[in-house]
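Results of the structural survey
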Amino acid sequence: MEEQLKPSPNSVNPLSESSEDDDVPVLSSHALAALQEFLTEQQSQSDAEEVSLVSEDWRLSQFWYTPQTATTIAKEVLTLCHASPHSRVACIACPTLYAYLKKMDPNVSVQLLEYDKRFEQYGSEYTFYDYNHPEELPSELRHSCKVVIADPPYLSQECLEKVAETISLLIQPGETFLLLLTGEVQKERAAEILGLHPCGFRPQHSSKLGNEFRLFSNYDPGTRLGGWEN
Ligand SMILES: C[S@@+](CC[C@H](N)C(=O)[O-])C[C@H]1O[C@@H](n2cnc3c(N)ncnc32)[C@H](O)[C@@H]1O
């Protein structure tokens, strides 16, 4: 039986707190850095609010990223793309990331592979994809992608193996970049099946999940994405 991603019944939206201190005329460098970080996050959030998403369907194991998570991953993908012009990106089962990528760079070449046909709204950049049939891919997509990001719907070995099969059919020859978002429980399998390492960055979802989530990559992100964890 496949383990589905589960929302936590204790999902909460913590209220943000602010403090005012008019007696301090000069901010310390630490406070300035914190303020800058806060303003950057606010900017990401307000950018993100403009991205409209269809509602989550939990029967399809749909749990959308928070705006901050989607923005962080999209920035990473765009960094990879901008370093190698004409890079094609495949988003496997991560429609939120597709939407953020297109918002942040409308010119990015990206294909969304997704089971939910509501995403047919993305026209020719949508490809119907069922992980149970990993080889059913249009010929023009085969071995054409430099960057592949996958967020499989289930936390099972079978699901990861089948998605890995699809990834191997999508990636082009030469240097390629692979990002996998999945549960911590898949850590060993991600290493065995795809040679991936966990990054420090912790993806977050709008509906709080009961499963700890991780981001894995096949390349060393340096200081980005919280670096590779040893
Ligand atoms: C865990 S969610 C990942 C979504 C991601 N967090 C986001 O915000 O874009 C898994 C995705 O797998 C899709 N899915 C469900 N059943 C599938 C199937 N049989 N084959 C491929 N994808 C499927 C869902 O529609 C959903 O978009």
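- As annotated in an unreviewed UniProt entry, the protein carries the name Protein-lysine N-methyltransferase RJT34_23821 and is attributed to Clitoria ternatea.
- According to the UniProt record, the Sequence similarities (unreviewed entry) comment for the protein is "Belongs to the class I-like SAM-binding methyltransferase superfamily. EFM5 family."

1. Here's the deal with the pairing of strand β2 (residues 109-114)
- β2 sits mainly inside the fold: five of its six residues count as buried.
- Pairing geometry for strand β1 (residues 88-92) and β2, over five bridges, is parallel. Residue V89 lies in a different strand from β2, and its bridge partner there is V110.
- One crossover worth recording links β1 to the parallel β2 by way of helix α3 (residues 95-104), and it is right-handed.
- By the bridge criterion, three bridges tie β2 to strand β3 (residues 126-128) in an arrangement that is parallel. Among the inter-strand pairings, E114 is bridged to a residue of β3, identified as F128.

2. Quick word on the site of the ligand
- Around the ligand, a shell composed of 21 residues is seen, among which A93, T96, Y115, D151 and P153 lie nearest.
- With three residues, the single largest contributor to the shell around the ligand is α3.

3. Here's the deal with the nonpolar core
- Ranked by internal contacts, the top residues of the largest apolar core, which has 51 residues, are C91, I92, L97, V148 and I149.
- Not counting the four nearest positions on each side in its chain, C91 is found in contact with L97, Y98, V110, L112, L113 and I149.

4. As for the sheet that holds strand β6 (residues 197-198)
- Spatial strand order, β3-β2-β1-β4-β5-β7-β6: seven strands in an open sheet with mixed pairing. The open sheet has two edge strands, β3 and β6, and neither has a second partner.
- In the packing of helix α2 (residues 67-83) onto the sheet, contacts are made with β1, β4 (147-150) and β5 (177-183), and the angle to β4 comes to roughly 165°.

Conventions adopted
Residues numbered from 1 in each chain as written. Predicted model: local features only at pLDDT ≥ 70, side-chain atom pairs only at ≥ 80, totals over all residues. UniProt positions renumbered as here; feature names shortened; annotations may be inferred. Buried ≥ 20, exposed ≤ 12 C-beta atoms within 10 Å, placed from the backbone. Helix = DSSP H or I, 4+ residues; strand = E, 2+ residues; numbered from the N terminus. Pairing = 2+ DSSP bridges. Right-handed = clockwise from strand over helix to strand, strands pointing away. Near = placed C-beta within 6 Å. Core = buried A, V, L, I, M, F, W, Y, C linked by C-beta atoms within 7 Å. Contact = placed C-beta atoms within 7 Å. Axes fitted to C-alpha atoms, helices over the stretch in contact; angles between N-to-C directions.

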